[in-house]
Amino acid sequence: MKKILLIALAVGSALCAHADSYNFLNLTSASTTESVAMKKVKRITFEGTNIVVTTTDGTTTTAPLNTLTKLTFTADPLGTGVGSLQAQAGRLCIQAGRIIADGVGELQLYNASGQLVRRQTITRTHAELSLDGLSRGIYIARFGQQTLKLLY
């Protein structure tokens, strides 16, 4: 019985980890992409010739189905320009109240609520982002495909 329970927990954990990799619903038409955070999606319905995404805060995103070219689920929002820089990003580390990035790309710093608090586009091979002025707390630094959690 204990072995079956452990197998069920392992399979459940694997399914949860896979589901967490999709953080955004992206509605793409010929001219725009609208991204909605999955944790805010309350309901997706079809009304007439439109798809309607209703969020937990009561806002709605409506897109005509005849102009919709793509509907995707992704880890990052589309249309931010971050995707094109990810392949170029290099090393990311934290030292003495600074985030150090080696490579070319966009360095992003998020607070524990998921809000972007600092962003720096790095066009040379080495850059530093100071944490001065930030309140103490937990932050997430992203550079390309690398992510670091830090307690400041």
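Placed above this text is the structure.
Residues numbered from 1 in each chain as written. Predicted model: local features only at pLDDT ≥ 70, side-chain atom pairs only at ≥ 80, totals over all residues. Heavy atoms only, no water.

A. Summary view of the sheet that holds strand E13 (residues 146–151). In space, the four strands of this open sheet follow the order E10-E9-E12-E13, with antiparallel pairing throughout. Only two strands of the sheet have a single partner each, and these edge strands are strand E10 (116–122) and E13. On average, each strand axis in the sheet is inclined to that of its neighbour by 15°, with strand direction left out of account. Strand direction decides the pairing type here: strand E12 (residues 138–143) and E13, joined by six bridges, are antiparallel. From the neighbouring strand, Arg142 faces E13, where its bridge partner is Thr147. (Pairing = 2+ DSSP bridges. Helix = DSSP H or I, 4+ residues; strand = E, 2+ residues; numbered from the N terminus. Axes fitted to C-alpha atoms, helices over the stretch in contact; angles between N-to-C directions.)

B. Molecular detail of the sheet that holds strand E6 (residues 68–74). Read from one edge to the other, the open sheet built from three strands follows the order E2-E1-E6, with strand pairing classed as antiparallel. At either end of the open sheet lies a strand with only one pairing partner, and these are strand E2 (33–37) and E6. Pairs of neighbouring strands in the sheet enclose a mean axial angle of 15°, with direction left out of account. Sheet analysis places strand E1 (residues 24–29) next to E6, joined by six bridges and oriented antiparallel. Across the sheet, the residue bridging to Phe24 is Thr74, located in E6.

C. Structural detail: the pairing of E12. In this structure, strand E9 (residues 105–111) lies alongside E12, joined through five bridges in antiparallel fashion. Paired with Leu107 across the strands is Phe143, a residue of E12.

D. Layout of the pattern of salt bridges. All told, the structure shown has two salt bridges when counted by the stated rule. Here Glu128 ties to Arg98 by a salt bridge, and the two come within 3.3 Å at their closest N and O atoms. Of this pair, Glu128 sits in strand E11 (residues 126–130) while Arg98 sits in strand E8 (residues 98–102), placing them 30 residues apart in sequence. For Glu128, a relative accessible area of 38% corresponds to the partly exposed category. The exposure class assigned to Arg98 is partly exposed, which follows from its relative accessible area of 29%. (Salt bridge = Lys/Arg side-chain N within 4 Å of Asp/Glu carboxyl O. Buried < 20%, exposed > 50% of the residue type's maximum accessible area, 1.4 Å probe, protein only.)

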